[in-house]
Every structure is written in C-alpha cells, then in structure tokens.
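The residues making up each chain are set out below.
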Amino acid sequence: TISVIDTATRTVIDTIEVGGNPTAIAITDDGDKTDDDERVFVTEFFAELIPGGPGEGFDEGKQGIVSTFEVDNPGVVTRMTLSPLADSGFTADRTNFCPQSASTPPHSDIFCPDLNAAPGSDTIIKDPQGAFPNQLHAALIRGNRLYIPNIGAAPEPPVKFDVNVQALVHVVDADALSELTNLHVNLNAQIKNEPVPSDPTSLDKLFGNDIVAIDANRDGTDFLIVSRGGNYVIRAGLDANGKLDIGAPDNVVRFQVGNIPTGLVMSKDGRRAYVNNEVNASVSILNLANNTVITHDVSSAAVPDPRSFAHGVLVGKLAFFTALGVPDNGLSALPIRNIVPLQFRGKQSNNAWSTCASCHPSGL
C-alpha cells in the first residue's frame, strides 16, 4: 500500500492498494502551485511472471511492474509493465546444455539455443543472453521521462556471475504511461568497452553492480547513478537518441564514495551531489563542476567501536554487499570507515560485477 500523508497535520489521510512490495515513489511536478494535477509512480520491487511467457527461470520470463495514479483520483491505479531485454549485450556458452555438444548428456535440452546447430558453432558458444528488470530500488522523473534503475536478472544457465546479473535502467513515457523500449539500457554493455586499467585499484572498468539510486539535473541531461557494491557513483548523459550514455570507452566519470552507498541527491544548480553511505554512516560530497570528491566521509551518525558486536554486524554487512573485497584478516580491529574495498578489487567478483546481495536483497 501507499500511505497519503497530510504534511500540515502529519496524519495519514488515505491508503492506496498498489500491489506487492511497493518500494520507490516518483511524483510529477508541472511547475504550478497545485498538487492535485500531478501523477504518482510506484515501483514494485520484484519482477513478476509474464502471462503466457516462457516461465520461471528464463531470461525473458518476467517483467517489471510500475503502478501509477493521479493525485486527485487515487482510486484508479494503472499498472505498467517493463519488458525484459532480449539481448543484454553479452553472450554465454551453452555447450553443456546441447545434446549434440555436451560431453555428458544434459538432463534437459530446454536451454539449448538450437538442437540442429553444429557443435562449436557461434549459435551454441555465443548465445545472446537476455535479462529482466528486477529489484526496482529507485525512480526518477525528468520532463516526461521516468527512469528506473534496477538489478537485472538473467537466470538462464550457465550460472556465471557475469551472465546472470546486469545493471539495467528502464525508461517510461510519463505522459503516455508506456515504456520506451528503445531507451532501455544495460550499463554493463557500455562498461565492457572500457580498457582494462593498469592500476588494479583504479575505478576504471568497474561494472555497474547493484545500481540502486539515481538523480539528475533539472533539465534531465546530466545523470548520476549509484553502484552500491562498487562504492562509486557514475555520471551519464544522453546520446543523440536520448539514451543514457556513460561516455565509454574513454570519457567515463566515476566518483569513489564511502562503503555501500544507497542514495544520492544532486543540488538544484547541478554543481554538487551528496551520497549516503549506509555502512559507513556517512555522506560523500561530490563536486560536479570538476568531477572530484570534496569529502569522502562526513559523519551522519556515530559508528560503533572496533571489536564490538555492532561493529561486527557492520563488517558482515560490508562483506555481504561489496562487489570489491575486504581484508583477509584483522577486520574486527579495523574502524569501519578505514576499510577500503577498492584496495581489494577482484576478491568478491571480477571488476565489481556481482555481490551476495545481487541475488539476495537484504540477505533474503
């Protein structure tokens, strides 16, 4: 449900049924002083099965759901669907799932791309992988566009970290109440074009792990997207077709922030951004005028003392949510803000692709 709150009296004045696991809210603003003519959009956190689709366990088996209603008519809720990407920009080797090429007969041939394809052919070893929008943490409206970053799921085999999880952003026409499939992107498909950095602790070519927050300037031309497990914020613009573009391979901008960032806001003038670091209990301040980090950790709450139980909980949370890595030893004695996962890049996943949380949100 969505609760409607009168902010003058601080009371709940209405409750609206929208469906399972509502998570993020975005509200239009046409610039006048009346809110009754605005529209509310609410993401459903988990994807749901596509009626008549291929079913559970398929890359194109589920779809994202966004509910919407008018402020002055909350009793009428419209559900919009977000389609899976048929081609996420990556391929996988299905050799072991095709009877004509597997060394051991597979239990089922359901995931073989073509039972008549020759063993070793590109049809089998370079099968295009799809992904459906899942874990819809955030929503942002700019103009008549609704942007929805999400942790795309691709459950088809092979079970491999760089096949099964993607960094998707879906786009909806907020006026027509329909998705714009030509504007959906997989940020990982752009990041893969970056060169491999010579410095292993560089921010370069870190994949878009668990993108959970987004903001933009007022014109909707300059975007910031949070990579929760990568401990960074990536900057994006729009290409000639109006599609999100990070400037790969040579002009990608990332900001290193504190441990496990979960939210951000851009200032009205577009010159600063503020990032909430959940595990560090801190805020990072970004200078968007020159692409630098002004302050890495402004304390927003006291952190527990090392060796305390509460500290151990935070360390466990960091290890679970990071896509980079943590030290092998001595974690209980290290202040939480002194642990820098980028120094251990490659331990949790290759180039910060995946975390435990990518498949198990909040440890579920």
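Residues numbered from 1 in each chain as written. Predicted model: local features only at pLDDT ≥ 70, side-chain atom pairs only at ≥ 80, totals over all residues. Heavy atoms only, no water.

A few points about the environment of Leu 136
Filter applied, for reference: Elements are defined by DSSP. Helices are runs of H or I of four residues or more, strands are runs of E of two residues or more, and each kind is numbered from the N terminus. Any pair of residues with heavy atoms lying within 4.5 Å of one another is described as a contacting pair.
Inspection of the secondary structure puts Leu 136 in the loop between β8 (127-128) and β9 (140-142). Separated by 16 residues in the primary sequence, Leu 136 and Gly 152 place their C-alpha atoms 9.1 Å from one another. If sequence neighbours within four positions are ignored, Leu 136 has contacts with Thr 23, Ala 24, Thr 43, Glu 44, Phe 45, Ile 65, Val 66, Leu 82, Ile 148, Pro 149 and Asn 150.

Focus: the side chain of Gln 63
What counts here: Throughout, exposure labels follow a simple rule: accessible area from a 1.4 Å probe, protein chains only, divided by the maximum for the residue type, with under 20% read as buried, over 50% as exposed, and the rest as partly exposed.
Relative to the assigned elements, Gln 63 resides in strand β5 (residues 62-70). With relative accessibility at 11%, the residue Gln 63 sits in the buried group. When neighbours within four sequence positions are excluded, Gln 63 is seen to be in contact with Ala 47, Glu 48, Leu 49, Ile 50, Pro 51, Thr 81, Leu 82 and Pro 133.

Things to note about the packing of aromatic side chains
Under the convention used in this document: The criterion for an aromatic pair is that two Phe, Tyr or Trp rings (for Trp, the six-membered ring) have centres within 6.5 Å, with stacked assigned to planes under 30 degrees apart, edge-to-face to planes over 60 apart and tilted to the rest.
Using the criterion set out here, one finds seven aromatic pairs in the structure. Taking the centre distance of 6.3 Å and the plane angle of 85° together, the rings of Phe 161 and Trp 353 count as edge-to-face. Linking Phe 161 in helix α2 (residues 161-164) with Trp 353 in the loop between α4 (309-321) and α5 (356-359), this pair joins segments that are 192 residues apart in sequence. A residue is classified by how much of its surface remains accessible, and Phe 161, at 34% relative accessible area, is partly exposed. Under the relative-accessibility criterion, Trp 353 is labelled buried at 5%.

Thoughts on empty space enclosed by the protein
Short version of the rule: Within this scheme a cavity is a closed region of a 1 Å grid, computed over the protein atoms alone, that accommodates a 1.4 Å probe without allowing it to escape, whereas a pocket is open but has protein on both sides within 12 Å along at least five of seven lines; lining residues each have an atom within 4 Å of a point. Grid points are joined across faces, edges and corners, and a volume is the space filled by probe spheres set on the points.
A full pass over the atoms with the stated rule returns one cavity of 30 Å³ or more. Each pocket or cavity is described by its volume, and for the largest cavity that value is around 40 Å³. Broken down by secondary-structure element, the contributors of at least two residues to the lining of the largest cavity are α3 (187-191), β15 (223-227) and β16 (232-238). It is β15 that contributes the most residues to the lining of the largest cavity, three residues altogether.

Observations regarding the state of the cysteines
A disulfide bridge is the covalent bond that connects two cysteines by way of their sulfur atoms. We count it as follows: When the sulfur atoms of two cysteines come within 2.5 Å, that pair is taken as a disulfide.
In this structure the tally under the stated criterion is one disulfide. Here Cys 98 pairs with Cys 112 through a disulfide, and the sulfurs are 2.1 Å apart. Disulfide Cys 98-Cys 112: torsion about the S-S bond near 100°, hence right-handed. Of this pair, Cys 98 sits in the loop between β7 (91-92) and α1 (122-125) while Cys 112 sits in the loop between β7 and α1, and the two are 14 residues apart along the sequence. Note on accessibility: Cys 98 and Cys 112 belong to one class, buried. With no disulfide of its own, Cys 356 has Cys 359 as its nearest cysteine by sulfur position, at a separation of 9.0 Å.

A closer look at the sheet that holds strand β6 (residues 73-82)
The pairing of strands in a sheet comes from backbone hydrogen bonds and takes either a parallel or an antiparallel form. Selection rule: For two strands to pair, DSSP has to find at least two bridges joining them. Only C-alpha atoms enter the line fits that serve as axes; for helices the fit covers just the stretch in contact. Angles between N-to-C directions range over 0 to 180 degrees.
Here we have four strands laid out as an open sheet, ordered β3-β4-β5-β6, and antiparallel in their pairing. Looking at the sheet topology across the chains shown, the edges are occupied by β3 (22-27) and β6. Taking each pair of neighbouring strands and ignoring which way they run, the sheet shows an average axis angle of 25°. Judged from the four bridges that link them, β3 and strand β4 (residues 39-49) form a sheet pairing that is antiparallel.

Some points on the pattern of salt bridges
Filter applied, for reference: Any carboxyl oxygen of Asp or Glu that lies within 4 Å of a side-chain nitrogen of Lys or Arg is treated as forming a salt bridge with it.
Tallied over the entire structure, the rule returns 13 salt bridges. With a shortest N-O distance of 2.4 Å, Lys 317 and Glu 278 are connected by a salt bridge. Taken together, the residues span a long stretch of sequence, with Lys 317 in helix α4 and Glu 278 in the loop between β20 (272-277) and β21 (282-287) at a distance of 39 residues.

Thoughts on a negative patch on the surface
We apply this condition: Nonpolar side chains (Val, Leu, Ile, Met, Phe, Trp, Tyr) within 5 Å and like charges within 9 Å form the patches, drawn only from residues with over 30% relative accessible area and no salt bridge. Working definition of accessibility: Shrake-Rupley area with a 1.4 Å probe, residue cover restricted to the visible protein chains. In summary, the charge assignment counts Lys and Arg as positive and Asp and Glu as negative, without counting His or the chain termini. Charge coordinates come from a single atom per side chain, which is NZ of Lys, CZ of Arg, CG of Asp or CD of Glu.
Taken together, the side chains of Asp 29, Asp 30, Asp 32, Asp 35, Asp 36, Asp 37 and Asp 72 define an acidic patch exposed on the protein surface. Within the element layout of this structure, Asp 29 appears in the loop between β3 and β4. For Asp 29, a relative accessible area of 63% corresponds to the exposed category.

A word on a nonpolar patch on the surface
A cluster of nonpolar side chains, namely Ile 25, Ile 27 and Val 71, defines an oily patch on the protein surface of about 240 Å² accessible area. With respect to the helices and strands, the residue Ile 27 is situated in strand β3.

Regarding the pairing of β5
In regular strands, side chains alternate between the two faces of the sheet. Burial within β5 is extensive, with eight of its nine residues counted as buried. In this structure, β5 lies alongside β6, joined through six bridges in antiparallel fashion. Within β6, the residue paired with Gly 64 across the bridge is Leu 82. Hairpin connection of β5 to β6: two residues between the antiparallel strands.

Looking at unusual backbone geometry
A cis amide bond links Pro 157 with the next residue in sequence, Pro 158, at an omega value of 5°. Residues Ala 248 and Pro 249 are joined by a peptide bond in cis, for which omega reads 10°. Topologically, Pro 249 is positioned in the loop between β17 (244-245) and β18 (254-256). Positive phi, normally seen in glycine, also occurs at Gln 135, with a value near 55°. Looking at the element boundaries, Gln 135 is found in the loop between β8 and β9. A relative accessible area of 2% places Gln 135 in the buried class. The backbone phi angle of Arg 307 is positive, close to 75°, even though this residue is not glycine. On the secondary structure map, Arg 307 appears in the loop between β22 (292-299) and α4.

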